[in-house]
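Listed here are the chains, written in short residue letters.
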Amino acid sequence: WALLSVALIGVPAQVRTFEGISSLSALSVASVAIALLVIGVELVRGGQKETDASWSKPEASSVWDCFDAISSTTFAYQGQSMLLEIAHEMENAPRDFGKAITASCGGLLALYSMATGLGYY
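Read on for a plain summary of the structure.

**Quick word on the overall build of the protein chain**
Argument step 1. Assigned secondary structure in the protein chain consists of 5 helices and 0 strands.
Argument step 2. When the helices and strands of the protein chain are read in sequence order from the N terminus, they spell out α-α-α-α-α.
Argument step 3. Looking at the protein chain as a whole, 6% of its 121 residues are labelled buried.
Argument step 4. Across the protein chain, the fraction of contacts at a sequence separation of at least 24, relative to all contacts at a separation of at least 6, is 71%.
Argument step 5. Carbon together with sulfur atoms contributes 67% to the accessible area of the protein chain, which is approximately 10,100 Å² in total.

Written out as structure tokens, the structure reads:
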């Protein structure tokens, strides 16, 4: 298993530029999108179950549960710390950086919203 791990992680880790890893990033986003699509299709095929769920805070949750949820969401969007590095790698950052941020954040928002919606379905 160790050699398989080295092969799967070690080779992509040798890529040193953001341009070089853009295809790996696209594969990552595609795999999440496909997983969400499969989950959504299976949920729709199985039908919605009747529950007594409400949109209020669960009675058994504590302040720490809420802190955990906020921390998880913050961690999910933490990629913004790499924005300056990405801008440095761009050929024409003043023209393209705004478009790249809009597309990437919009895509993340769509994927996370889809995952949240499927979770509450």
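**So, the pattern of salt bridges**
Argument step 1. For the structure shown, the criterion picks out 2 salt bridges.
Argument step 2. The salt bridge partner of Glu42 is Arg45, with a shortest N-O separation of 3.6 Å. Of this pair, Glu42 and Arg45 both sit in helix α2 (residues 18-46), 3 residues apart, which is roughly one turn of that helix.
Argument step 3. You can call Glu42 partly exposed: its relative accessible area is 41%.
Argument step 4. Residues Arg95 and Asp96 are paired through a salt bridge, measuring 2.8 Å at the closest nitrogen-oxygen approach.

**Structural notes on the packing of aromatic side chains**
Argument step 1. Considering all chains together, one arrives at 1 aromatic pair under this definition.
Argument step 2. Seen from their ring centres, Trp64 and Phe67 are 6.0 Å apart, and the 90° between their planes marks the pair as edge-to-face. Residue Trp64 and its partner Phe67 are located together in helix α3 (residues 63-76), separated by 3 residues, close to a single helical turn. Grouping residues by exposure puts Trp64 and Phe67 together as exposed.

**Thoughts on helix α1 (residues 2-13)**
Argument step 1. In this model, α1 (12 residues) spans 16 Å end to end at C-alpha, consistent with the 16 Å of a helix rising 1.5 Å per residue.
Argument step 2. In terms of residue burial, α1 counts as a barely covered element, since only 0 of its 12 residues are buried.

**Quick notes on the environment of Val44**
Argument step 1. The residue Val44 is located in helix α2 in this model.
Argument step 2. Separated by 74 residues in the primary sequence, Val44 and Leu118 have C-alpha atoms spaced 9.7 Å apart.

Cut-off values and rules
Residues numbered from 1 in each chain as written. Predicted model: local features only at pLDDT ≥ 70, side-chain atom pairs only at ≥ 80, totals over all residues. Heavy atoms only, no water. Helix = DSSP H or I, 4+ residues; strand = E, 2+ residues; numbered from the N terminus. Buried < 20%, exposed > 50% of the residue type's maximum accessible area, 1.4 Å probe, protein only. Contact = heavy atoms within 4.5 Å. Areas by Shrake-Rupley, 256 points an atom, 1.4 Å probe, with all protein chains shown as cover. Salt bridge = Lys/Arg side-chain N within 4 Å of Asp/Glu carboxyl O. Phe/Tyr/Trp six-rings, centres within 6.5 Å; stacked < 30°, edge-to-face > 60°. Expected span 1.5 Å × (residues − 1).

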